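Take a look at the letters that make up each chain.
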2 protein chains.
Amino acid sequence: MKPELRIFKIGGGIIDSEADLLEFVRLFSKIREPKILVHGGGKGASEMMKNLGIAPRMINGRRITDAATLDLVTMFYAGKTNKQIVVALQSHGVNALGLSGADGNVIQAVKRPVRDIDYGFVGDLSEASVNTELVHQFLTLGLTPVFCPINHDGHGQLLNTNADTIAASVAKALSKKYAVALHFCFEKRGVLTDINDDDSVIMKINLADYAELKESGIIADGMLPKLENAFDALQFGVDKVIIEHALHINEDLKTTLWLN
Amino acid sequence: MKPELRIFKIGGGIIDSEADLLEFVRLFSKIREPKILVHGGGKGASEMMKNLGIAPRMINGRRITDAATLDLVTMFYAGKTNKQIVVALQSHGVNALGLSGADGNVIQAVKRPVRDIDYGFVGDLSEASVNTELVHQFLTLGLTPVFCPINHDGHGQLLNTNADTIAASVAKALSKKYAVALHFCFEKRGVLTDINDDDSVIMKINLADYAELKESGIIADGMLPKLENAFDALQFGVDKVIIEHALHINEDLKTTLWLN
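The text that follows walks through the structure, step by step, so that each part is easy to find. The residue numbers shown here count from 1 along each chain, following its written sequence. Lettering of chains starts at A and numbering of ligands starts at 1, both following the order in which they are written. pLDDT decides what is reported in this predicted model: residues at 70 or higher carry local features, side-chain atom pairs at 80 or more are listed and counted, and totals for whole chains, interfaces and linings draw on all residues regardless. Only hydrogens and water are set aside; all other atoms, that is, all heavy atoms of the structure, feed into the side-chain values.

## Description of the relation of the copies chain A and chain B
Link 1 in the chain: You can overlay chain A on chain B at an RMSD of 0.0 Å; the transform is a turn of 180° with a shift of 0.0 Å along its axis. Taken together, the rotation angle and the small translation identify this as a two-fold axis. Taking C-alpha positions as the reference, the residue of chain A nearest the rotation axis is Gly79(A), at 1.8 Å.
Link 2 in the chain: Between two residues, a contact is recorded if the distance between any of their heavy atoms is within 4.5 Å. When the interface residues of chain A are mapped onto chain B, 100% of them again fall at the interface, so both copies present the same face. Here the copies are superposed with least squares, the fitted atoms being C-alpha atoms of residues at a pLDDT of at least 70 in both.

## Notes on the packing of helix α7 (residues 207-215) of chain A against helix α8 (residues 223-235) of chain A
Residues and elements named next belong to chain A.
Link 1 in the chain: Only the stretch in contact is used when a helix axis is fitted, and all axes are lines through C-alpha atoms; the angle between N-to-C directions ranges over 0 to 180 degrees. To qualify as a helix, a DSSP run of H or I must reach at least 4 residues; to qualify as a strand, a run of E must reach at least 2; elements of each kind are numbered from the N terminus. α8 packs onto α7 with a crossing angle of 160° between their chain directions and a minimal axis gap of 12 Å. Classified by the angle their axes make, α7 and α8 are roughly antiparallel. Judged by the sense of rotation from one axis to the other, the crossing of α7 with α8 is left-handed. Here Leu-207, Tyr-210 and Lys-214 of α7 come into contact with α8, specifically with Leu-224, Leu-227, Glu-228, Phe-231 and Gln-235.
Link 2 in the chain: The classification used treats Ala, Val, Leu, Ile, Met, Phe, Trp, Tyr, Cys and Pro as nonpolar, Asp, Glu, Lys and Arg as charged, and all other residues, Gly among them, as polar. Grouping the constituent residues of the contact of α7 with α8 by class yields five nonpolar, one polar and two charged. Oblique is the label for any angle not under 35 degrees, not over 145, and not in the 65 to 115 range, which are roughly parallel, roughly antiparallel and roughly perpendicular in turn. In this scheme the crossing of two helices becomes right-handed for a clockwise turn of the near helix relative to the far one and left-handed for an anticlockwise turn of less than a right angle.

## Considering the interface of chain A and chain B
Link 1 in the chain: With 38 residues of chain A at the interface, the matching set in chain B holds 38 residues.
Link 2 in the chain: A quick way to say it: buried area is the sum, across both parts, of accessible area lost when two parts are put together, with a 1.4 Å probe. In total, chain A and chain B occlude about 2,900 Å² of area from one another, counting both sides; carbon and sulfur atoms represent 72% of this.
Link 3 in the chain: Three residues stand out in chain A for area buried against chain B, namely Met75(A), Lys83(A) and Val87(A), and they jointly supply 20% of the buried area on that side.
Link 4 in the chain: We count a salt bridge whenever a side-chain nitrogen from Lys or Arg sits within 4 Å of a carboxyl oxygen from Asp or Glu. Our count for the contact surface shared by chain A and chain B stands at four salt bridges.

## Some remarks on the sheet that holds strand β2 (residues 35-39) of chain B
All names here are of chain B.
Link 1 in the chain: Taken in spatial order, the eight strands of this open sheet run β5-β8-β2-β1-β11-β13-β14-β12, and their pairing is mixed. The sheet is open, and its two edges are formed by β5 (96-99) and β12 (204-205), each paired on a single side.
Link 2 in the chain: Its contacts with the sheet put helix α8 (residues 223-235) on β11 (179-186), β12, β13 (240-245) and β14 (255-257), and the angle it makes with β13 is roughly 145°. Two strands make a pair as long as DSSP finds a minimum of two bridges between them.

## A closer look at the environment of Gln157(A)
Link 1 in the chain: Tracing the sequence through the fold places Gln157(A) in the loop between β9 (150-152) and β10 (158-160).
Link 2 in the chain: Counting along the chain gives 37 residues from Gln157(A) to Asp194(A), while the straight-line C-alpha distance between them is 44 Å.
Link 3 in the chain: Leaving out residues up to four positions away in the same chain, Gln157(A) has contacts with Leu70(A), Phe121(A), Asn151(A), His152(A) and Val87(B).

## Focus on the sheet that holds strand β13 (residues 240-245) of chain A
Residues and elements named next belong to chain A.
Link 1 in the chain: If you trace the eight strands from one edge of the open sheet to the other, you get β5-β8-β2-β1-β11-β13-β14-β12, paired in mixed fashion. The open sheet is flanked by β5 (96-99) and β12 (204-205), the only strands paired with a single partner.
Link 2 in the chain: Strand direction decides the pairing type here: β13 and strand β14 (residues 255-257), joined by three bridges, are antiparallel. Paired with Ile-243 across the two strands is Thr-255, which belongs to β14.

## Looking at the pairing of β5(A)
Residues and elements named next belong to chain A.
Link 1 in the chain: Residues of β5 alternate between two faces, with Ala-96 and Gly-98 on one and Leu-97 and Leu-99 on the opposite face, all of them buried.
Link 2 in the chain: In this sheet, strand β8 (residues 144-147) lies alongside β5 in parallel orientation, the contact comprising four bridges. Paired with Leu-99 across the two strands is Phe-147, which belongs to β8. The buried label applies to any residue whose accessible area, calculated with a 1.4 Å probe on protein chains only, is under 20% of its type's maximum; exposed applies above 50%, and partly exposed to all values in between.

## Quick word on the packing of helix α3 (residues 44-51) of chain B against helix α4 (residues 67-91) of chain B
Residues and elements named next belong to chain B.
Link 1 in the chain: One can describe the packing of α3 onto α4 by two numbers: an axis separation of 9 Å at closest approach and a directional angle of 130°. Considering their axes alone, α3 and α4 lie oblique with respect to each other. By crossing handedness, the relation of α3 to α4 is classed as right-handed. In this structure, α3 uses Gly-44, Ala-45, Met-48 and Met-49 to contact α4, whose residues at the interface are Thr-69, Leu-72, Val-73, Phe-76 and Tyr-77.
Link 2 in the chain: Looking at the contact of α3 with α4 residue by residue, the classes come out as seven nonpolar, two polar and no charged.

If you want it as structure tokens, here you go:
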């Protein structure tokens, strides 16, 4: 039987509040090892760009990662946020190892091809992007990898990458060696039947349930791509996906997604 | 016999020019493994502080690392500079792993005690600060650690640390397992007999030579603390210390320091 591995992903909503981030770190430190944390960005990089007088470049409402933006997000995500999390985890006795994809070549991305829009220095991933063996070695050494959303292309170029995609790719790759539970943490306690009722959490959803919930319109809008992503991970070997509140990972109210 | 290990330290003079830094990286990529790189800061963090309207705090001409400064240098050194070096090394086939002291708890520092001056969030090191076993494991995995000058105290606080000190401490600690050559790279080709003649490099200096050179006034000023640091490393187990130009590490003109 494969050993269990828990992979948690946190995003901007939790990172933007230092108190919330430190509380999440405290809760995460109690999770049984082996474990991995993937973090996204936050508003900090945009605020710093504003303070430096660098205007964000937008095309059709989508943000473009030009060279100046890449510079700032690398500093913020790989420098400030990543080290802030690592140093806090260390203070709770978790031997965290901060990683960009370039470190140890753990994740190699491909610059997004230019079609209608040139997104700039943005990286896309595949399952083959992840250096499964080295991540496994780190876990074997008792380390807890902490991934920031900055990767590289192997030819000297850093690339900004969506953190949900990193978490899903790492989970799929590691599922060859581990029974992986992938935890997407956000500001709700799970998938809700009523978006205005935070307690209306659907505890379990399998692929058949999902088709029904989508059909009936109960799941819609922003939750759809999250769940597509989640079921994709399940179809590529991840054991289960959990959608939960970042500040309640120690409680039972959450949504668990399975294939069957 | 212990295996050989080469530890290189580069400073602001080389980091501030992107072309020079990339040339150093190209030369360093040809150095036989196992190897380690330690980098300092550069002017970038100060320039960014100026652009953000944050005034550097100085006491008696010494820079104080207050909270805002620590934030900026962490972003710059652990984010921008460290990843810039790591991604360039990866493009040359070197499996670089960027590290602050907090990552894997590889270096634990102690906040400098307040005596005449409170230097703020500055960390001092001892030989016991370095997690020798984990650095050894990284080397065994074929990784090339790249240390930035940011460490932590183990209690959640990041600390800015002098890169020469990091290089010497890592060298002393690793000398238990390796025959360590510690390379201090700067903008001269070695210790000069005539500061105005770049070719007047003293090729070899042992402890007795050093006493004479100091006595006669040939070595003075800024070179003295560098050499004190170097002979300290030799006395604590490092095999040899080399003082050389960062852009000529592949050439023979350099100063090698030995105990005898």
